[in-house]
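Fold and contact review
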Amino acid sequence: MPQKSPVENKESIYILGIESSCDDTAAAVLKDGKIISNIVANQKIHEEYGGVVPELASRAHQQNIVPVVDMALKKAGISPEKLSGIAFTEGPGLLGSLLVGVSFAKSLSMAWNIPLLPVHHMKAHILAHFIEEDSMKLPEFPFLALTISGGHTQIVRVNDYFDMEVLGETLDDAVGEAFDKSAKIMGLPYPGGPLIDKYAQKGDPKRFPFPKPKVAGMNFSFSGLKTSILYFLQKKVKENPDFIKENIEDLSASIQYTIINILMDKLKLAVKETGINRIAIGGGVSANSGIRNALLEQQEKGNWEVYIPKFEFTTDNAAMIAIVGYHKYLQGQTGRLDLVPKARMKF
Ligand code: KG4
Ligand code: ZN
């Protein structure tokens, strides 16, 4: 149970958030739901391997976690006694990476006698929309969340902070993987998503039509797209070894166009089936200019109300972990010291 009840005592609530589920070590401090510090240490080491190497990720988390948490507290200008709770990512994610954050949060909880607030990483991507900032409009419940990252692709009906229902998800690759794997086939470095986005700005999206998968309901599939890009390019490169280099902009634009169409088709179906037209996006891929433009176009037409978070809250960060921790704290949902990290975690 929380040591200090916010009702009995009207002091501000400070929550420390820790995120270590993949390849970013992050810590943040929120005061009454508002950010007062937000630190992320990216791991450059994975670039040369073309993807995240789990062993290297957990080692880098071990090196980063103390300075990152220390910097978050220093930037917030608070001492540990002020903290009401420690929020941390319980899962899903890479087990070795999660273990570093979970163990560290538990140690701090014991040392400082502060409650633990375990957080579901994907729910945090959704609730990142509630990080309070001046002039930011918060989505009203219920809304639809499209969570698109390197590890997940989901459409979720969000009824309340802790009442969510997955309407559809990927049956194979996540959308970020579809971007990164397509980029890898074209010889681009990891993570290729932002590069495809950059080249796509100057390309013709209709030059190379790639097939869209036929998947029932609101579920997604991206592995077929990757295979069709691979076969297409193998054939073209045989005819002309410089094909990719000469067409990188049109190829990127066409790949991005196909991926965005797949996402938008399913979102339109979700809006039709639920009657909810408030759409909030989250996850690293929501930085993509194609998806942003497609959503904003719907908003301009007066069809949807669209919520796109600031870039720093779309990729992995600890402020989103802390905001979930803050709402859990308000509801007295604290965690036990014997909990373990979960690579897979139910929604
Ligand atoms: O949420 P995130 O930072 O990490 C997790 O996977 O949890 O998402 C990273 C993913 C990578 O696949 C990266 O290529 C993709 O987001 N990404 C993008 C863009 N920026 C990041 N994909 C397409 N366009 C972008 N602008
Ligand atoms: Zn994430």
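Preceding this paragraph is the structure being described.
Structure report, in brief. (Residues numbered from 1 in each chain as written. Chains lettered and ligands numbered in written order. Predicted model: local features only at pLDDT ≥ 70, side-chain atom pairs only at ≥ 80, totals over all residues. Heavy atoms only, no water.)

Considerations on the overall build of the chain
The following threshold applies: Helix and strand assignments come from DSSP, with helices taken as H or I runs of at least 4 residues and strands as E runs of at least 2, each series counted from the N terminus. For the radius of gyration, the atoms used are the C-alpha atoms, and the globule rule reads 2.2 Å times the number of residues raised to 0.38. Only protein chains enter the accessibility calculation, which uses a 1.4 Å probe; a residue whose area is less than 20% of its type maximum is buried, one above 50% is exposed, and one in between is partly exposed. Pairs of residues are marked as contacts when any of their non-hydrogen atoms sit within 4.5 Å. The protein chains shown are the only cover counted for residues, whose accessible areas, like all others here, come from Shrake-Rupley with a 1.4 Å probe.
Within the chain, the secondary structure is distributed over ten helices and ten strands. Against the globule reference of 20 Å for 347 residues, the chain gives a C-alpha radius of gyration of 21 Å, in line with a compact fold. When its C-alpha atoms are laid out on the principal axes, the chain stretches across 70 × 45 × 30 Å. The buried share among the 347 residues of the chain stands at 51%. Contacts in the chain between residues at least 24 apart in sequence constitute 73% of all its contacts with a sequence separation of at least 6. Of the roughly 15,800 Å² that the chain leaves accessible, carbon and sulfur atoms contribute 51%.

Some details on the pattern of salt bridges
Threshold: What makes a salt bridge here is a side-chain nitrogen of Lys or Arg within 4 Å of a carboxyl oxygen of Asp or Glu, nothing more.
Across all of its chains, the model carries ten salt bridges by this definition. Linking Asp173 and Lys181 is a salt bridge whose minimum nitrogen-to-oxygen distance equals 3.2 Å. On the basis of relative accessibility, which here comes to 8%, the residue Asp173 falls in the buried class. A salt bridge links Lys181 to Glu177; the shortest N-O distance between them is 3.6 Å. Here Lys181 and its partner Glu177 are both found in helix α4 (residues 175–185), four residues apart, which amounts to about one turn of the helix.

Description of helix α10 (residues 319–330)
Using the following cut-off: What a helix should span is 1.5 Å times the count of its residues minus one.
The end-to-end C-alpha distance of α10 is 16 Å, a good match for the 16 Å that twelve residues give at a rise of 1.5 Å each. Taken residue by residue, α10 has Ala319, Met320, Ile321, Ala322, Ile323, Val324, Gly325, Tyr326, His327, Lys328 and Tyr329 as its buried positions. Of the residues one or two after α10, Gly332 is the one with positive phi, at around 70 degrees.

Some words on helix α6 (residues 223–239)
For clarity, the threshold we go by: What the arc describes is the spread of directions from the helix axis to the C-beta atoms.
With 17 residues, α6 ought to run about 24 Å at 1.5 Å a step, and its terminal C-alpha atoms sit 25 Å apart, in line with that. Taken as a whole, α6 has its buried residues at Leu225, Ser228, Ile229 and Leu233. On an axial view of α6, the arc spanned by its buried residues comes to 125 degrees, and they lie on one face. Opposite the buried face of α6, at more than 90 degrees from it, the exposed residues are Tyr231, Lys235 and Lys238. As for α6, its buried residues are in contact with α4 and α7 (243–274).

Examining the sheet that holds strand β1 (residues 14–19)
Let me state the cut-off plainly: Here a strand pair is declared whenever DSSP counts at least two bridges between the two strands. To define axes, lines are fitted to C-alpha atoms, for helices over the stretch in contact only, and angles between the resulting N-to-C directions are given on a 0 to 180 degree scale.
Taken in spatial order, the five strands make up an open sheet running β3-β2-β1-β4-β5, and their pairing is mixed. Looking along the sheet, the strands with just one partner apiece sit at the ends: β3 (34–42) and β5 (116–120). Along the sheet, successive strands turn relative to each other by an average axial angle of 20 degrees, direction set aside. Note that β1 and strand β2 (residues 24–31) share six bridges and pair antiparallel. Each residue of the ladder has a partner; that of Ile15, found in β2, is Leu30. Across the sheet, helix α1 (residues 54–76) touches β1, β2, β3 and β4 (83–91), and the angle it forms with β2 is around 20 degrees.

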